[in-house]
Amino acid sequence: MLMGSGADDLKGTSTVKPGAWKALILLTAMMTFNQIDRRVASLVIEPLKHEFMLSDAQLGMLTGLAFGLIYAVTSIPLGLVADRVNRSRMLAIVVAVWSAMTAMAGIAFTYGHLLLTRVGVGAAESGASPTATSIITDLFPRDRRASAVAIYQTGIPLGSLLCFIAGAWIVTHYGWRAAFMAAGLPGVPLALLIWLFLREPVRGAFDQKAPAYDAPWNKRLADAFRFIGRDTRVLLLMIGAALLSAANTGVTGWFVPFLMREHMMSIQGAGMVIAFASGICGGIGLIFTGTLADRLAKGEPNRMLILCGSIALLTMLFAAGALMAPSIALTVLAISGYSLFCYSFLGISYGALLNLTPASIRGTVIAVEMVMANLFGYGGGPFVVGLLSDTYGGPHSLKSAMLTLNLFYLAGAVCFIAAGRLRKTA
């Protein structure tokens, strides 16, 4: 029997913990650096393709599967660790490791070396989000979590903004190697700040009191999978999130080469378009939908799930418009609309999952979700687009591959809406 109570038994409304907002700023900064280090590889797809004579499938492996596969392998072990150790110290260590690995890509001289650095980044980053979201849950009450997680997730568009503006300029003037080094090195002082100033909150602070849960890792993992299988809403949420993650990373990860190939833009011009769309529009969308979810759903998971499904449908329509628009002006407009919604499901879906999951296994359950989202999502999305592009062939093969993957938004929406229509299962 699980110790601790699930979301349906959580305390309703309470004030945030002292220092919660300062901690959230540090965690958001961590997510920002996380995204810079992830996205820099997507920015330099075209320079890498020409220097190492790579196929689109090899590039999809580099920007997606090499990262996502190791992320999936290490997520659950690190999630188990996060449920038992000082989480702030753990975050500082993984930030330092992935930052160093990103910088090392700048001195890689073979495709194999590049793959190894991306594997290192994926292994370290797998310990970040399960740990950070677990901390957020212990800093903010149930009715504030969707907006708190949405603020944390604004590190995604902010990281994208910084990566594509500064990174594209650095690539243009100093080459792709300098871009990797510039992306990685600033993470080291951030790791030090986290070590010094991020305090460990009390676990389960907003949950009803329950006996301590000190089960060994195998029992804890078994309980997490038992919980996921028992509540169909959680299972459908995880499947839907993986599908949307695959669509997001497969579409956004290839937008820069798409603009360069289909609209003959320079890498700096394409980077500016994605920086504006992902950074500004994506941030606005995250904050707006996270706040809207708290107001409309008031922490009720089923309403949050249905909202996620609705957002996924809007995202699919804008993505199709961006890929099929006849002019660069309409393409940029559609990409901006797409970016308003493509990240929005993140804060809401994580808020729903946090509200559904008992505090005693929250880090482990989040880690399981991360496995699915990153193995099938982040790992699979860019690789599938690259593989389909090589398979289709022709001058517009990349566009056709991205349109194919866009159907994953529809499948994800079906999962979320179906989950939102279910009642709690025993």
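Not measured: the values here are computed from a predicted model.

Visitor: Give me helix H21 (residues 407-420): which residues, what numbers.
Guide: The terminal C-alpha atoms of H21 lie 21 Å apart, and with 14 residues this matches the ideal 20 Å at 1.5 Å per residue to within 8%. Every buried residue of H21 is accounted for by Tyr409, Gly412, Ala413, Cys415, Phe416, Ala419 and Gly420. The arc enclosing the buried residues of H21, seen along the axis, measures out at 160°, which places them on a common side. Residues Leu407 and Val414 are exposed on H21 and point more than 90 degrees away from its buried face. Residues of H21 that are buried make contact with helix H12 (232-252), helix H15 (301-324), helix H16 (328-342), helix H17 (344-356) and helix H20 (397-405).

Visitor: Help me get a handle on the nonpolar core, residues and values and all.
Guide: Ranked by size, the top nonpolar core spans 130 residues in total, and within it Met30, Leu114, Ile194, Phe255, Met402 and Tyr409 carry the most contacts. Every residue in contact with Leu114, bar those within four places of it in the chain, is listed here: Leu48, Phe52, Leu62, Ala105, Ala108, Trp176 and Phe180.

Visitor: Residue-level account of the side chain of Ser88, with values.
Guide: Along the polypeptide, Ser88 turns up in helix H4 (residues 87-104). For Ser88, a relative accessible area of 1% puts it in the buried group. A polar contact of 3.1 Å, which involves the side chain of Ser88, links it to the backbone oxygen of Leu198.

Visitor: Could you give an account of helix H1 (residues 20-43), naming the residues involved and the relevant values?
Guide: Taking 1.5 Å per residue as the helical rise, H1 with its 24 residues ought to reach 34 Å, and the 34 Å between its terminal C-alpha atoms agrees with that figure. Judged by how many residues are buried, H1 sits mostly within the fold: 20 of 24 residues are covered.

Visitor: Give a detailed account of the packing of aromatic side chains, specifying residues and quantitative values.
Guide: For the structure on display, the rule yields nine aromatic pairs. For the ring pair Phe67 and Tyr71, a centre distance of 5.5 Å and an interplane angle of 35° mean the geometry is tilted. Of this pair, Phe67 and Tyr71 both sit in helix H3 (residues 56-82), four residues apart, which is roughly one turn of that helix. Of the two residues examined, Phe67 and Tyr71, each falls in the buried class. A ring pair is formed by Phe255 and Tyr338, whose centres lie 5.7 Å apart and whose planes are at 85°; its orientation type is edge-to-face.

Visitor: Got a sec to walk through the side chain of Thr154? Specific residues and values, please.
Guide: Tracing the sequence through the fold places Thr154 in the loop between helix H7 (145-153) and helix H8 (155-174). Only 2.3 Å separates the side chain of Thr154 from the backbone oxygen of Ile151, close enough to count as a polar contact. Every residue in contact with Thr154, bar those within four places of it in the chain, is listed here: Thr28, Gly283, Leu286 and Ile287.

Visitor: So, unusual backbone geometry: which residues are in play, and what are the values?
Guide: Look at Met53: it is not a glycine, yet its phi comes out positive at around 55°. Relative to the helices and strands, Met53 is located in the loop between helix H2 (45-52) and H3. Residue classification places Met53 among the exposed positions, given a relative accessible area of 69%. A positive phi angle is found at Met264, which is not glycine, with a value near 55°. With respect to the helices and strands, the residue Met264 is situated in the loop between helix H13 (255-262) and helix H14 (267-297).

Visitor: So what's going on with the environment of Phe52? Which residues, and what values?
Guide: The topology assignment puts Phe52 in helix H2. Given the relative accessible area of 19%, Phe52 is considered buried. The spatial distance from the C-alpha of Phe52 to the C-alpha of Asp231 is 47 Å, given a sequence separation of 179 residues. Setting aside residues no more than four positions away along its own chain, Phe52 makes contact with Ala108, Phe109, Thr110, Tyr111, Leu114 and Trp176.

Reading the values: rules and limits
- Residues numbered from 1 in each chain as written.
- Predicted model: local features only at pLDDT ≥ 70, side-chain atom pairs only at ≥ 80, totals over all residues.
- Heavy atoms only, no water.
- Helix = DSSP H or I, 4+ residues; strand = E, 2+ residues; numbered from the N terminus.
- Expected span 1.5 Å × (residues − 1).
- Buried < 20%, exposed > 50% of the residue type's maximum accessible area, 1.4 Å probe, protein only.
- Arc of directions from axis to C-beta.
- Contact = heavy atoms within 4.5 Å.
- Core = buried A, V, L, I, M, F, W, Y, C linked by side-chain atoms within 4.5 Å.
- Polar contact = N/O pair within 3.5 Å; in protein donor to acceptor, adjacent residues only side chain to side chain.
- Phe/Tyr/Trp six-rings, centres within 6.5 Å; stacked < 30°, edge-to-face > 60°.

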